[in-house]
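Chain by chain, the residues:
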Amino acid sequence: MIRKLLLLAAENKALEERVSRNPLTKGLVSRYVAGTTLDEAITVARKLNAKGIDVSLDLLGETVSELEESAAATDAYVDTIHAIAEKAPGATVSVKLSQLGVALDQSVCAGHLKRMLAVADQCGVTVEVDMEHSSVGPQTLATYRTFLPSFPHTRIAQQAALRRCQENLISFTEVKPRIRLVKGAYRENLDTAICNADEVTAQYLHLTDWVLRHLPDPAFGTHDSTCIDHVKAVANQLGLDRRDFEFQMLYGVRRNLQEQLAAEGYRVRVYVPFGSQWYPYLMRRMAERPANLLFFLRSLIGG
Ligand code: FDA
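Residues numbered from 1 in each chain as written. Predicted model: local features only at pLDDT ≥ 70, side-chain atom pairs only at ≥ 80, totals over all residues.

> Go over the environment of Arg145 with me, naming the residues and quoting the values.
Within the fold, Arg145 resides in helix 7 (residues 137–147). Judged by the 15 C-beta atoms lying within 10 Å of it, Arg145 is partly exposed. Arg145 sits 120 residues away from Gly265 along the chain, and the two C-alpha atoms are 32 Å apart. (Helix = DSSP H or I, 4+ residues; strand = E, 2+ residues; numbered from the N terminus. Buried ≥ 20, exposed ≤ 12 C-beta atoms within 10 Å, placed from the backbone.)

This is how it looks when you write it as structure tokens:
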């Protein structure tokens, strides 16, 4: 119930304005967001690199309402890719296709993604495509598929909660995708997704077995110890090396565990968001931790 309310709040523009201008939010934002500028994000990336942890930089922003905004976001991503190549080698970029205009014009979005992929390829940087709400999921997947043969290193997130998840994974027959398996962070209908948390975890464990057996270099985007221990156990049974897959976690969440896994010899990548459009991202993080509801109410009343 609380999760649903926070996810509804994530979509509300009036609340966005109210929460964004409340100084109470500042501390919480800085826990989950690296800063507003690319330089700040690069500084965070280097600090994590020094601990043996890789990063994926995410320029915050989603669901543009004008195509000009999607072109500007693409330019900013191209700058980010160049900065990575120069100052933080090994980092990837994570992008939401709604930010490149997938909901407005799929072919324009595909043009932007192609430009990003070509620049990233020249710079030796990998692009990771986030998976958003199921209203743009099929378009996102179709756009990714178009470019997979030419840019096979590109990674795509897949949400275990979605009923179609396994079907989607099996549907890749020619080039096998590199995926990031996550539970799923969006408010979805029961027809589309499993909504019970324990059932989502069970499905995550089931898909982990399949993914480790069938897909190259998978990433597991989770902070759930049950899921992490399961990945370790199955990989061990299959005789995989600790570097054959990676754990991915969000900036600001379970930092000790991130360092512990890196110290154990696993590859760890932290998703580092930066930029000024942090509201929907922050609300999804709140929804994952209902204890944060109190904060949210305070910022509403105090704003
Ligand atoms: P779960 O929510 O059960 O959390 C396990 C434990 O982790 C909690 O008990 C708590 O200790 C800690 N924790 C989790 N979230 C927290 C938070 N916000 N604040 C504080 N503690 C927290 N989703 C999506 O739909 N599309 C996508 O593209 C992505 N991409 C993505 C990338 C990466 C690198 C990660 C780690 C996650 C995503 N997600 C995502 C989000 C994902 O779907 C999911 O919502 C969160 O990872 C939370 O689920 P967990 O698997 O961590 O389990």
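Alright, that's what it looks like, and here's the rest.
> Help me get a handle on the pairing of strand 1 (residues 54–59), residues and values and all.
Burial of strand 1 is extensive: five of the six residues sit out of reach of the surface. Two elements, strand 1 and strand 8 (residues 267–274), share six bridges in a ladder whose sense is parallel. Pairing of Asp58 across the sheet is with Pro273, part of strand 8. Strand direction decides the pairing type here: strand 1 and strand 2 (residues 92–95), joined by three bridges, are parallel. Looking at strand 2, one finds that Ser56 is bridged to Thr92. As a crossover connection, the stretch from strand 1 through helix 5 (residues 67–87) into strand 2 is right-handed. (Pairing = 2+ DSSP bridges. Right-handed = clockwise from strand over helix to strand, strands pointing away.)

> Just give me the short version of the packing of helix 1 (residues 2–10) against helix 12 (residues 279–287), but keep the residues and values in it.
Helix 12 packs onto helix 1 with a crossing angle of 180 degrees between their chain directions and a minimal axis gap of 8 Å. One element, helix 1, and the other, helix 12, form an angle in the roughly antiparallel class. Touching Arg3, Leu6, Leu7, Ala9 and Ala10 of helix 1 are Pro280, Met283, Arg284, Met286 and Ala287, all from helix 12. A class-by-class count of the residues in the contact of helix 1 with helix 12 yields eight nonpolar, no polar and two charged. (Axes fitted to C-alpha atoms, helices over the stretch in contact; angles between N-to-C directions. Parallel < 35°, antiparallel > 145°, perpendicular 65-115°, else oblique. Contact = placed C-beta atoms within 7 Å. Nonpolar A, V, L, I, M, F, W, Y, C, P; charged D, E, K, R; others polar.)

None of the figures reported here should be taken as evidence of function without further support.
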